[in-house]
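# Residue-level structure breakdown
The primary structure of each chain is shown beneath.
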Amino acid sequence: MAPERTGWAAEQEPASLEKGLFQDEDSCSDCSCRDKPGSSLQSFMPEGKTFFPEIFQTNQLLFYERFRAYQDYILADCKASEVQEFTAEFLEKVLEPSGWRAVWHTNVFKVLVEATDVDFAALKAVVRLAEPYLCDSQVSTFTMECMKELLDLKEHRLPLQELWVVFDDSGVFDQTALAIEHVRFFYQNIWRSWDEEEEDEYDYFVRCVEPRLRLHYDILEDRVPSGLIVDYRNLLSQCEESYRKFLNLRSSLSNCNSDSEQENISMVEGLKLYSEMEQLKQKLKLIENPLLRYVFGYQKNSNIQAKGVRPSGQKITHVVSSTMVAGLLRSLLTDRLCQEPSEEEREIQFHSDPLSAINACFEGDTVIVCPGHYVVYGTFSIADSIELEGYGLPDDIVIEKRGKGDTFVDCTGADIKISGIKFVQHDAVEGILIVHRGKTTLENCVLQCETTGVTVRTSAEFLMKNSDLYGAKGAGIEIYPGSQCTLSDNGIHHCKEGILIKDFLDEHYDIPKISMVNNIIHNNEGYGVVLVKPTIFSDLQENAEDGTEENKALKIQTSGEPDVTEGVDLEELMQCATGKMELYARTDLSEQVEGNCEIVNELIAASTQKGQIKKKRLSELGITQADDNLMSQEMFVGIVGNQFKWNGKGSFGTFLF
């Protein structure tokens, strides 16, 4: 007889159970595809011997389903010390106390059992062996008699998280299977052994459950860099080991009554373990935080260590080809691999994918990629000065990135050259190429972007020639202060913004050196080129008079009132702040000369502004002489011959932050 549904069960049935699970209509190998009139859940066959019955498929719940279950029904606003109590109360409402069968699954064996009762407070089920006896083990010693003895030792009480409920198409045990899945998932992926000792003044769900749940699903969806995942799991293992040692030491101290020297030594060791554990926990929280983990990940990935020269001193040419045919090999030997008599003999290594070739490189190596479509998982982390080149046309040599969380190409080498390759990125959260430091040259390449295109960090140098970049949901190229960027004969199009010159007036960095020659920047959603400037110039405001029109404009801009700033032109505010900038009308898109001049004039005005700020700060410090030759440093090597066509907001714009 079917029991009465609880409020949680009744609310979950129509929405969560029918629509919340992944429905894979094409897959019939693991999941039962026939219609189940009473059950809203799917079933699948356990791995191993096929004589086991089907069990409920409950491990493919969506993020919002688990989130809602923990927040609204299981944990609510409980403290860490109340988690088990709240979970037990939840199970009492939805779990069938008996009558259901389950597969008891451990690392060593699987055996079919039947539940006769549930110890809710201990989160355990009271079970007996089901008939007929079914057991699957890696060793042959688990006979029925041995299993009965094992159950007797455990008093027939098994943790719920080790039980997978056998499928029943009546629908009676749907909520039982789901509830046990929530308990299993929580203690396997969310709960930490030290949580109960954390301070309880904050809501446990908000403080721990939500960020860990989001991290788990971000990892499942490839939204976290692979290196960061490895770091997180290593930190978690280290923290668990430190906590185990700390508990053992604390237990030994509590059993010791003597004030001995050994006890004092143990207390010091305990303090060290506690401090180490707290540091590890803070690092874990950094990665668990959705906002901070990307900062942590960037710092980690930007510190790639160069290998330097190979110990033998030999330079190797790495040839990448999915399949090597005789004709291709003859062409390679003729065009690239046969050395001149005067040159040193080079060793040649063959690889089936470009990522393994790059990982095998040392300083001075060359990677030649033969025509083909290559799919890679992970990041091209290039820390040494190497050459990566395609043998043929870029459209014939395609490297496609899978995995959302990693940057495609990460450059930190002193002199990196990439040529003749098409890079394709899909459904990513990181940019297609980042130059952290050193010099990177990109020539005759195609970049099919997803988020940001190329990022040129402070102190880095980037040269891009005869290449095509498109598809970025952010800027096609981001140029940071203190960097050098040379763009020649490129196409930059169908991005949100073409080129973004970032944080231009930051006092801590030098102005970037930019050269833009004969580029075609077209069909971008916003501007062809955007200059990012800080909104508030505190140094200039100090000496401003309250009665001037300039000061009024600055007050409006810095007041933070949205209803006032809506009618103020941003370029006019910049003119008031500097006293030297001109207010430009929208560029006539058909006149490329006007577009180039507009960019040059605005950049010169911005650099002049920075010079004035620098001079004033030096004067306040008692230094009477400042650098008046700011413009003599040839910061802008050349901005000529560029064409701006069909950009949504014009060729040039300014963004204040």
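Bear in mind that the values here come from a model prediction, so they are computed numbers and not experimental data. (Residues numbered from 1 in each chain as written. Predicted model: local features only at pLDDT ≥ 70, side-chain atom pairs only at ≥ 80, totals over all residues. Heavy atoms only, no water.)

## Description of the overall build of the chain
Summing up its helical and strand segments, the chain has 16 helices and 34 strands in all. Looking at the chain residue by residue over its 657 residues, the buried ones come to 47%. Expressed as a percentage of contacts within the chain between residues at least 6 apart in sequence, the contacts between residues at least 24 apart total 66%. Total accessible area on the chain is roughly 32700 Å²; 49% of this is exposed by carbon and sulfur atoms. (Helix = DSSP H or I, 4+ residues; strand = E, 2+ residues; numbered from the N terminus. Buried < 20%, exposed > 50% of the residue type's maximum accessible area, 1.4 Å probe, protein only. Contact = heavy atoms within 4.5 Å. Areas by Shrake-Rupley, 256 points an atom, 1.4 Å probe, with all protein chains shown as cover.)

## Description of the side chain of H436
Within the secondary structure, H436 is located in the loop between strand 19 (433–435) and strand 20 (438–443). In this structure the side chain of H436 is engaged in a polar contact, spanning 2.5 Å, whose partner is the side chain of D410. (Polar contact = N/O pair within 3.5 Å; in protein donor to acceptor, adjacent residues only side chain to side chain.)

## Focus: the confidence of the model for the chain
Of all residues in the chain, 73% attain a pLDDT of 70 or more, and the chain-wide mean is 78. Counting interchain partners and residues more than four positions distant, the pLDDT-below-50 stretch residues 536–591 has 73 contacts. For residues 623–634, every residue scores under 50 in pLDDT, and the model assigns this stretch 16 contacts once sequence neighbours within four places are set aside. (pLDDT = per-residue confidence, 0-100.)

## Description of the packing of helix 2 (residues 63–74) against helix 5 (residues 174–190)
Across the interface, helix 2 lies against helix 5 with an axial gap of 11 Å and an inter-helix angle of 100°. Relative to helix 5, helix 2 is oriented roughly perpendicular. Contact residues: helix 2 offers E65, R66, A69, Y70 and I74, while helix 5 offers E181, H182, F185 and F186. Along the lines of polarity and charge, the residues of the contact of helix 2 with helix 5 split into five nonpolar, one polar and three charged. (Axes fitted to C-alpha atoms, helices over the stretch in contact; angles between N-to-C directions. Parallel < 35°, antiparallel > 145°, perpendicular 65-115°, else oblique. Nonpolar A, V, L, I, M, F, W, Y, C, P; charged D, E, K, R; others polar.)

## A word on helix 6 (residues 204–220)
Here helix 6 spans 23 Å end to end across 17 residues, near enough to the 24 Å set by a 1.5 Å rise per residue. Within helix 6, the full set of buried residues consists of Y204, F205, C208, V209, P211, R212, L213, L215, Y217, D218 and I219. In this structure D203 caps helix 6, since a side-chain oxygen of it lies 3.2 Å from the backbone nitrogen of F205. Trailing helix 6 by a residue or two, D222 shows a phi angle of about 60°, which is positive. (Expected span 1.5 Å × (residues − 1).)

## Thoughts on the sheet that holds strand 27 (residues 491–493)
Overall, parallel pairing links the eight strands, which are arranged 12-15-18-21-24-27-30-33 in an open sheet. Two strands lie at the open edges of the sheet, namely strand 12 (372–377) and strand 33 (643–645), each paired on one side alone. The mean inter-strand angle of the sheet, taken between neighbouring strand axes irrespective of direction, is 15°. Pairing geometry for strand 12 and strand 15 (residues 397–402), over six bridges, is parallel. Each bridged residue has a counterpart across the sheet, and for V375 the counterpart in strand 15 is E400. (Pairing = 2+ DSSP bridges.)

## Remarks on the environment of S459
Counting through the fold element by element, S459 comes out in the loop between strand 22 (454–456) and strand 23 (460–465). Filtering out sequence-adjacent residues up to four positions away, S459 remains in contact with G438, P481, G482 and S483.

## Considering the packing of aromatic side chains
Under the counting rule described, the total for this entry stands at 15 aromatic pairs. Between F246 and Y274, the ring centres sit 5.9 Å apart and the planes meet at 45°, which makes this aromatic pair tilted. Pair noted here: F246 is in helix 7 (residues 226–254) and Y274 is in helix 8 (residues 261–288), with a separation of 28 residues, a long-range link. Look at Y274 and you get partly exposed, because its relative accessible area is 42%. (Phe/Tyr/Trp six-rings, centres within 6.5 Å; stacked < 30°, edge-to-face > 60°.)

## Looking at the environment of I639
Along the chain, the position of I639 falls in strand 32 (residues 636–640). Spatially, the C-alpha atoms of I639 and V517 are 5.7 Å apart, while their sequence positions differ by 122 residues.

## Section: a nonpolar patch on the surface
Nonpolar side chains collect at one region of the surface, where L286, L291 and L292 lie side by side and expose about 280 Å² of accessible area between them. Mapped onto the secondary structure, L291 falls in the loop between helix 8 and helix 9 (292–301). (Patch = residues over 30% accessible without salt bridge, like charges linked within 9 Å, V, L, I, M, F, W, Y side chains within 5 Å. Salt bridge = Lys/Arg side-chain N within 4 Å of Asp/Glu carboxyl O.)

## Details of the pattern of salt bridges
Applying the stated criterion to the full structure yields 15 salt bridges. Close ionic contact of D195 with R212 constitutes a salt bridge, the shortest N to O distance being 2.7 Å. Note that D195 is positioned in the loop between helix 5 and helix 6 and R212 in helix 6, a separation of 17 residues in sequence. Overall, the relative accessible area of 7% leaves R212 in the buried class. Close ionic contact of E450 with K473 constitutes a salt bridge, the shortest N to O distance being 2.9 Å. Residue E450 is found in the loop between strand 21 (446–448) and strand 22, and its partner K473 is found in the loop between strand 24 (468–470) and strand 25 (475–479); the two are separated by 23 residues along the sequence. Classification of E450 by relative accessible area gives buried; the value is 14%. Using a relative accessible area of 58% as the deciding quantity, one classes K473 as exposed. What emerges from the salt-bridge pattern is a single network uniting R66, E181 and R184.

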